[in-house]
Amino acid sequence: MAGNVVELTDATFDDTVTGSDVPVLVDFWAPWCGPCKMIAPVIDELADEYAGKAKVCKVNTDEHREAAVEYAINAIPTIILFNNGQVAKKWVGMTTKKDITAEIDELI
């Protein structure tokens, strides 16, 4: 994980995401997922670029299934942008940094 990426667990998910006063981007991924590996550098860049303005987090769906079940993660990578604890945007599969930043910028 990059320095600004927060690794979430089932135990920390709710407090980190729903209790946040800034937008939260969550990447649901798994170590065996090729597209997840491809988008990982983008997630790291976003974490660095939005430090202090938004939280960027990752959930390993192999190790922490509760949040994945709660948010109906059927394919990975799935990236969800939360605002005030609610889903603001959801991307399933690959997406671009430009698309993600446009959505985050609207919320900050």
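Basis of the calculations
- Residues numbered from 1 in each chain as written.
- Predicted model: local features only at pLDDT ≥ 70, side-chain atom pairs only at ≥ 80, totals over all residues.
- Heavy atoms only, no water.
- Salt bridge = Lys/Arg side-chain N within 4 Å of Asp/Glu carboxyl O.
- Helix = DSSP H or I, 4+ residues; strand = E, 2+ residues; numbered from the N terminus.
- Pairing = 2+ DSSP bridges.
- Axes fitted to C-alpha atoms, helices over the stretch in contact; angles between N-to-C directions.

**So, the pattern of salt bridges**
This structure, assessed with the given rule, holds three salt bridges. Of the charged contacts, one joins Lys58 and Asp27 as a salt bridge, the two residues approaching to 3.2 Å between their closest N and O atoms. With a gap of 31 residues between them, Lys58 in strand β3 (residues 55-60) and Asp27 in strand β2 (residues 24-29) connect regions that are remote in the sequence. Members of the salt-bridge network, linked through shared partners, are Glu45, Glu49 and Lys97.

**Describing the sheet that holds β3**
Read from one edge of the open sheet, five strands run β1-β3-β2-β4-β5, paired in mixed fashion. In this open sheet, the two edge strands, each paired with only one partner strand, are β1 (5-8) and β5 (86-92). Across the sheet, the mean angle from the axis of one strand to that of its neighbour is 25°, orientation sign disregarded.

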